[in-house]
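# Report on the structure
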Amino acid sequence: RADNFLVPTEGAMGPKASHLPLRNSADLQSLLQRSAERGKFVETPWGNGPMAWLHLAVLARPWLDAELPAWVERALAGSDALRRAALDWLLDGRDLWRYSQLLDHVATHHPGWWDEPAAAKPAGWMRPLRVAPQQARTLGHVVASLRAQAHAQLESPPVLDLPQLGTS
């Protein structure tokens, strides 16, 4: 169906793909929550975290792009699985500049999860979130690393961004 989106998932026999509805914000929230809770790390061309499918979804459903900053903000205030899935997705480093203000806010206000170990893994997850720098021992270290990358991207913004591709 045209409304469905192919989302990589992990089945009993290994990686598989499921056609799941992705028509609106409610469908997006449902898929993000489901992906975060399951924590399956399926290898895709766009990454291998629980939200790796989201990179292709943004290309296939341009309206998603505008939803992502609010989702990341909600995820960081949500459950441990959702928070870690969002951080893992951000660790891909794509368009981090869009999240620089949010990362600044989190780094300034140190939420209750700031000192939680980065290596902890939510129930149901195959493995902990991937951590780029070896010194990222806590989720606060992960946020600090993401924040530094976001500011580096701000200093040299993209020459061509995805929304511009659809207008030519």
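The following paragraphs examine the structure supplied in this document. Numbering of residues starts from 1 in each chain and follows the order in which that chain's sequence is written. Whole-chain, interface and lining totals are the exception, using all residues; otherwise, since this is a predicted model, local features are given only for residues with pLDDT of at least 70 and side-chain atom pairs are given and counted only at 80 or more. Side-chain metrics rest on all non-hydrogen atoms present in the structure, leaving aside hydrogens and water.

## Considering the side chain of Arg 83
The condition that has to hold: Numbering goes from the N terminus for both helices and strands, where a helix is a DSSP run of H or I of at least four residues and a strand is a run of E of at least two. Throughout, a contact is declared for two residues whenever any of their heavy atoms are within 4.5 Å.
Within the element layout of this structure, Arg 83 appears in helix α4 (residues 80-90). In this view, Arg 83 contacts Ala 75, Leu 76, Gly 78, Trp 113, Glu 116 and Leu 139; residues no more than four positions away in its chain are not counted.

## Quick look at the nonpolar core
Applied cut-off: In these notes, a set of buried Ala, Val, Leu, Ile, Met, Phe, Trp, Tyr and Cys residues joined through side-chain atoms within 4.5 Å is what counts as a nonpolar core. Burial here depends on accessible area, computed with a 1.4 Å probe over protein chains only, as a share of the maximum for the residue type. Under 20% is buried, over 50% is exposed, and the range in between is partly exposed.
Within the largest apolar cluster, 43 residues are counted, with the highest numbers of intra-cluster contacts made by Trp 53, Leu 54, Trp 71, Leu 87 and Trp 89. Residue assignment for this core shows that the elements contributing at least two residues are α1 (25-38), α2 (53-60), α3 (64-76), α4, α5 (100-109) and α6 (139-155). When sequence neighbours within four positions are dropped, the list of residues in contact with Trp 71 reads Gln 29, Leu 32, Met 51, Leu 54, Leu 82, Ala 86 and Trp 89.

## Some remarks on the packing of aromatic side chains
The condition that has to hold: Each Phe, Tyr or Trp ring (for Trp, its six-membered ring) is paired with any other whose centre lies within 6.5 Å, and the angle between the two planes then decides the class: stacked below 30 degrees, edge-to-face above 60, tilted in between.
Within this structure, the stated rule accounts for two aromatic pairs. With centroids separated by 6.0 Å and ring planes inclined at 75°, the aromatic side chains of Trp 71 and Trp 89 adopt a geometry described as edge-to-face. With Trp 71 in helix α3 and Trp 89 in helix α4, this pair connects stretches of sequence that are 18 residues apart. The same class applies to Trp 71 as to Trp 89, namely buried.

## Considering the packing of α5 against α6
Spelled out, the test is: The axes are straight lines fitted to the C-alpha atoms, using for helices just the contacting stretch, and the angles between their N-to-C directions are given from 0 to 180°. Put simply, a crossing is left-handed when the front helix is turned counterclockwise from the back one by less than a right angle, and right-handed when it is turned clockwise.
Running from amino to carboxyl end, α5 crosses α6 at an angle of 145°, the nearest separation of the two axes being 9 Å. Considering how the two elements wind past one another, α5 and α6 form a crossing that is left-handed. Across the interface between the two elements, Ser 100, Leu 103, Asp 104, Val 106 and Ala 107 from α5 touch Val 143, Leu 146, Arg 147, Ala 150, His 151 and Leu 154 from α6.

## Focus on the pattern of salt bridges
Selection criterion: Salt bridges are defined by distance alone: a side-chain nitrogen of Lys or Arg within 4 Å of a carboxyl oxygen of Asp or Glu.
As enumerated under the stated definition, the model contains seven salt bridges in all. A salt bridge links Arg 83 to Asp 80; the shortest N-O distance between them is 3.7 Å. Residue Arg 83 and its partner Asp 80 are both found in helix α4; the two are separated by three residues, about one turn of the helix. The salt bridge involving Arg 94 is made with Asp 92; its shortest N-O contact spans 3.5 Å. A single salt-bridge network, built from bridges that share partners, covers Asp 80, Arg 83, Arg 84 and Glu 116.

## Quick notes on unusual backbone geometry
You will see that Asp 95, though not glycine, has its phi angle at about 55°, which is positive. Note that Asp 95 resides in the loop between α4 and α5. A relative accessible area of 24% places Asp 95 in the partly exposed class. For His 110, which is not a glycine, the phi torsion comes out positive at approximately 35°.

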